[in-house]
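Structure at a glance
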Amino acid sequence: MDERSFFDKLAPTWDENEVLSTPDKVRFVLDYIDLKPGHKVLDLGTGTGVLIPYIAERIGPEGKITAVDYSEGMLSRAKEKYKDILPPPEFMSLDFETETIPGTFDRIILYCVYPHLHEPVETLRWLRSVNLDENGIITIAFPSSPDFINNIHREKHSESDILPCAQKLADELREYGFDAVVAHADEGSYIVNIRK
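Another aspect to go through is unusual backbone geometry. Looking along the chain, the bond that leaves Leu86 and enters Pro87 is cis, with omega of -5°. Mapped onto the fold, Pro87 is located in the loop between α5 (72–81) and β3 (90–93). The phi dihedral of Asp34 falls on the positive side, at around 55°, and the residue is not glycine. Here Asp34 is to be found in the loop between α3 (23–31) and β1 (40–44). Of note in the backbone geometry, Cys112 takes a positive phi value of approximately 60° without being a glycine. One can find Cys112 in the loop between β4 (105–111) and α6 (120–131). A relative accessible area of 29% places Cys112 in the partly exposed class.

In structure tokens:
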């Protein structure tokens, strides 16, 4: 089963099984992203939209959320859940590693997405050069430690989906020319920020 079909199949029960993204944990992660009223936010790999209401409460009705996923099943759930939220999210079904997203954004968030990227460095370069505003931040984040994520991926995916510790990832990204820093890392969260 390919990855898209895998997530389409999981979509109907995703929210009841995703127990890590509690409101407190999501808000904690977003504290390190410095969202402000009016920000334009790109939520890549939005899934069923777990971040959407928390982004919306920070950027307010004058902000903009663009929620992207290539799983139609996941995106369909997100659209249904957040059809009445303000600001109304723009939902886009596409593979952001191969298709261009129009516009520039103050914040680009890859929440629980990084291990699924096929070409992470090239994808981040493209996002930084095409979609990130001059003072923007790209955030790679998880509501847990890499050990927890890697245990799940070893069971359900492949070894290529393994996530390094936050410091190692930031160091590797700096070697590729990114301004990457560990914003926070412990057993309960993993946050790496990349500035333009």
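Taken as a whole, this structure holds nine salt bridges when the rule is applied. A salt bridge links Arg27 to Glu57, with the shortest nitrogen-to-oxygen separation between them at 2.8 Å. One end of the pair, Arg27, is in helix α3; the other, Glu57, is in helix α4 (residues 52–59), with 30 residues separating them in the sequence. You can call Arg27 partly exposed: its relative accessible area is 31%. Here Asp34 and Arg107 are joined by a salt bridge, their closest N and O atoms 3.8 Å apart. With a gap of 73 residues between them, Asp34 in the loop between α3 and β1 and Arg107 in strand β4 connect regions that are remote in the sequence. Looking at Asp34, the relative accessible area reads 37%, which means it is partly exposed. It is possible to trace a salt-bridge network through shared partners that takes in Asp34, Lys36 and Arg107.

It is the contact of α3 with α4, at a shortest axis distance of 10 Å, that shows an interaxial angle of 50°. The angle between α3 and α4 places the two elements in the oblique class. In this structure, α3 crosses over α4, and the sense of that crossing is right-handed. Residue-level contacts link Pro23, Val26, Arg27, Leu30 and Asp31 of α3 to Tyr54, Ile55, Glu57 and Arg58 of α4. Broken down by class, the residue content of the contact of α3 with α4 amounts to five nonpolar, no polar and four charged.

Rules used throughout
- Residues numbered from 1 in each chain as written.
- Predicted model: local features only at pLDDT ≥ 70, side-chain atom pairs only at ≥ 80, totals over all residues.
- Heavy atoms only, no water.
- Helix = DSSP H or I, 4+ residues; strand = E, 2+ residues; numbered from the N terminus.
- Buried < 20%, exposed > 50% of the residue type's maximum accessible area, 1.4 Å probe, protein only.
- Salt bridge = Lys/Arg side-chain N within 4 Å of Asp/Glu carboxyl O.
- Axes fitted to C-alpha atoms, helices over the stretch in contact; angles between N-to-C directions.
- Parallel < 35°, antiparallel > 145°, perpendicular 65-115°, else oblique.
- Left-handed = near helix turned anticlockwise from the far one by under 90°.
- Contact = heavy atoms within 4.5 Å.
- Nonpolar A, V, L, I, M, F, W, Y, C, P; charged D, E, K, R; others polar.

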